[in-house]
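Structure assessment
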2 protein chains.
Amino acid sequence: MTPRTDPLTLEVVELIGEVVSRYHAEYDEAAAQHALTGAQARVLGLLSVEATPMRRIARKLKCEPSNITGIVDRLEARGLVERRPDPADRRVKLAAATEEGRRTAAKLRASLDFAREPLGGLSEDERTALRDLLKRMLGN
Amino acid sequence: MTPRTDPLTLEVVELIGEVVSRYHAEYDEAAAQHALTGAQARVLGLLSVEATPMRRIARKLKCEPSNITGIVDRLEARGLVERRPDPADRRVKLAAATEEGRRTAAKLRASLDFAREPLGGLSEDERTALRDLLKRMLGN
DNA sequence: TATTGTTATACTCTATAACTATA
DNA sequence: TATAGTTATAGAGTATAACAATA
């Protein structure tokens, strides 16, 4: 648990900061091309995989459930998302992507994959090495 | 420029997303421990290195200059930052960290380095490999 | 009683446009 | 004319607290 302050570690920390910065810039830009904010794009991405209770969306986004109401409201007003009852528990509302929502999410994913193209500069062996190092770093 | 969709690349993209998510959670948590928002912590970090014109802060944060006014206002109200005239150009205001601001920034950096401790799980060779892969990925 | 989603409120961040004082 | 900083405005995200419906 000793905080590392050696130059090598600091350099890696710096590089990770740059990755984070670039990731965000590209994510938000891709979202903006579909007139979505970053938060809206993340929620739409989740819902394009499966219908999800409001509360669970909040846990995945690490924010308060009350915020999800507004984000889903705005997505619903644009016809990208709809609220459905949960047959098993009448307190629960399932947010689900509409047809158009899934199409938008697919286009978003495509432009994101394109934005993350920097990985294309690495060989397969290098990508494997990067994957393993990131997994170890994340404790997976 | 061909978007890669092979499983290995998608796995690395996924892992980078997780790094970004964890980086943000830990950054915001560290900032909150000093009653700062993420944006305030970033600006304070910049100013603890050197006094900076408002406009330049905006460029570094990739946001509009008008936003910096409010962020610096709030930091100034707490005595962490002050505005100084620029002797060379009377239009320019230099934002600079106060003594207390530098102390807060130092504590923030320390808790951030601690938060980024996951790198401690990697050997020196592994950190070197990670550094080189990230540099190649970022095009450095 | 506890949980789900919502509403109400207040604050921060954000972009845009118009303003001022300098250059 | 152009630039630096600010103000005014509006929209979005955020947390907190209180509420109705349901479990």
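All residue numbers refer to positions counted from 1 along the written sequence of the respective chain. Whichever chain is written first becomes A and whichever ligand is written first becomes 1, with later ones labelled in order. Local features are withheld for residues below a pLDDT of 70 in this predicted model, meaning they are given only at 70 or higher, and side-chain atom pairs are given and counted only at 80 or more; totals for whole chains, interfaces and linings count all residues. Hydrogens and water are ignored here; the side-chain numbers use all heavy atoms of the structure.

For chain A, an unreviewed UniProt entry supplies the name MarR family winged helix-turn-helix transcriptional regulator and the organism Streptomyces albidochromogenes.

Concerning the protein's contact with DNA strand D
By convention in these notes, a residue is near a molecule or strand provided one of its non-hydrogen atoms lies within 4 Å of it. The local shell around DNA strand D holds 21 residues, among which A:T37, A:S66, A:R74, B:R55 and B:R83 are the closest. A 3.5 Å cut-off defines polar contacts: any pair of N or O atoms within that distance qualifies, except that in protein one atom must be a possible hydrogen donor and the other a possible acceptor, and neighbouring residues in sequence count only when both atoms are side-chain atoms. Within the contact set of DNA strand D, a phosphate oxygen lies 2.8 Å away from a side-chain nitrogen or oxygen of A:N67. In this structure, A:R90 approaches DNA strand D through a main-chain N or O atom, which is 3.0 Å from a phosphate oxygen. Only runs of H or I of at least four residues qualify as helices and only runs of E of at least two qualify as strands under DSSP, and these elements are numbered from the N terminus. Only α2 (38-49) and α4 (65-77) of chain A together with α3 (54-61) and α4 (65-77) of chain B provide two or more residues apiece to the surface near DNA strand D. When residues in the surface near DNA strand D are grouped by element, the largest group, four residues, is from α4(A). Note on residue categories: nonpolar means Ala, Val, Leu, Ile, Met, Phe, Trp, Tyr, Cys or Pro, charged means Asp, Glu, Lys or Arg, and polar means any other residue, Gly included. The class makeup of the residues in the surface near DNA strand D is six nonpolar, six polar and nine charged.

Re the relation of the copies chain A and chain B
For these two chain copies, the linking operation is a rotation about an axis paired with a shift along it. Least-squares superposition aligns the copies on the C-alpha atoms of those residues with pLDDT at or above 70 in both. With an axial shift of 0.1 Å and an RMSD of 0.1 Å, the rotation relating chain A to chain B amounts to 179°. Such a combination of turn and shift is consistent with a two-fold rotation axis. Across chain A, the rotation axis passes nearest the C-alpha of A:V20, at a separation of 2.7 Å.

Here we look at the interface of chain A and chain B
Contacts between chain A and chain B engage 45 residues on the former and 45 residues on the latter. Buried area: the accessible area, evaluated with a 1.4 Å probe, that two parts lose upon being put together, summed over both parts. In this assembly, chain A packs against chain B so that about 4,800 Å² is buried in total across both faces, 69% of it on carbon and sulfur atoms. Area buried by chain A at its contact with chain B is led by A:L133, A:M137 and A:L138, which between them contribute 13% of it. What makes a salt bridge here is a side-chain nitrogen of Lys or Arg within 4 Å of a carboxyl oxygen of Asp or Glu, nothing more. Counting across the interface, chain A meets chain B through eight salt bridges. A salt bridge links B:R127 to A:D6, with the shortest nitrogen-to-oxygen separation between them at 3.7 Å. Remark: the boundary between chain A and chain B carries twelve residue pairs in polar contact (both at pLDDT 80 or more). Within the residue set of the side of chain A that touches chain B, elements represented by two or more residues are α1 (7-32), α5 (99-115) and α6 (124-138) of chain A. By residue number, the principal contributor to the side of chain A that touches chain B is α1(A), which donates 16 residues. A breakdown of the residues in the side of chain A that touches chain B according to their chemical character gives 21 nonpolar, nine polar and 15 charged. Should any heavy atoms of two residues lie within 4.5 Å, those residues are counted as being in contact.

Here's the deal with the protein's contact with DNA strand C
Taken together, 21 residues sit near DNA strand C, with A:R55, A:R83, B:T37, B:S66 and B:N67 positioned nearest. The contact atoms of DNA strand C, taken as those within 4 Å of the protein, divide so that sugar and phosphate hold 68%. At 3.2 Å from a phosphate oxygen of DNA strand C is found a main-chain nitrogen or oxygen belonging to A:M54. Within the backbone of A:K93, an N or O atom sits 3.3 Å from a phosphate oxygen of DNA strand C. Of all the secondary structure elements, the ones that give two or more residues to the surface near DNA strand C are α3 (54-61) and α4 of chain A together with α2 (38-49) and α4 of chain B. Tallying contributions element by element places α4(B) first for the surface near DNA strand C, with four residues. Residue classes in the surface near DNA strand C are distributed as six nonpolar, six polar and nine charged.

Re the environment of B:E76
All names here are of chain B. Counting through the fold element by element, E76 comes out in helix α4. On the accessibility criterion, E76 (30% relative accessible area) is partly exposed. In this structure, the C-alpha to C-alpha distance between E76 and T98, residues 22 residues apart in sequence, is 9.1 Å. Setting aside anything within four residues of it in sequence, one finds E76 in contact with V81, E82 and R83. A 1.4 Å probe rolled over the protein chains alone gives each residue an accessible area, and that area as a share of the maximum for its type sets the label: buried under 20%, exposed over 50%, partly exposed in between.

Structural notes on the sheet that holds strand β1 (residues 52-53) of chain B
Residue and element names in this part refer to chain B. Read across the open sheet, the three strands follow the order β1-β3-β2; overall the sheet is antiparallel. Whereas interior strands pair on both sides, the edge strands pair on one side only; in this sheet they are β1 and β2 (81-85). At least two bridges found by DSSP between two strands are what make those strands a pair. Relative to strand β3 (residues 93-97), β1 runs antiparallel, the two being bridged by two bridges. If you follow T52 over to β3, its bridge partner there is A95. The strands that α4 touches are β2 and β3; relative to β2, the one it contacts most, it runs at about 115°. Between N-to-C directions, angles cover 0 to 180 degrees, with each direction set by a line fitted to C-alpha atoms, over the stretch in contact for helices.

Observations regarding the packing of aromatic side chains
Each aromatic ring pair is specified by the distance between its two centres and by the angle formed by the two planes. All names here are of chain A. Two rings from Phe, Tyr or Trp (for Trp, the six-membered ring) form a pair when their centres sit within 6.5 Å of each other. Planes less than 30 degrees apart are called stacked, planes more than 60 degrees apart edge-to-face, and all others tilted. What the rule picks out here adds up to two aromatic pairs over all chains. Summarising the aromatic geometry, the rings of Y23 and Y27 are spaced 6.1 Å apart at their centres and angled 15° between planes, so their arrangement reads as stacked. A residue pair is termed a helical-turn pair when its members lie 3 or 4 positions apart in one helix, as Y23 and Y27 do in helix α1 at four residues. Y27 carries the same exposure label as Y23, and that label is buried.

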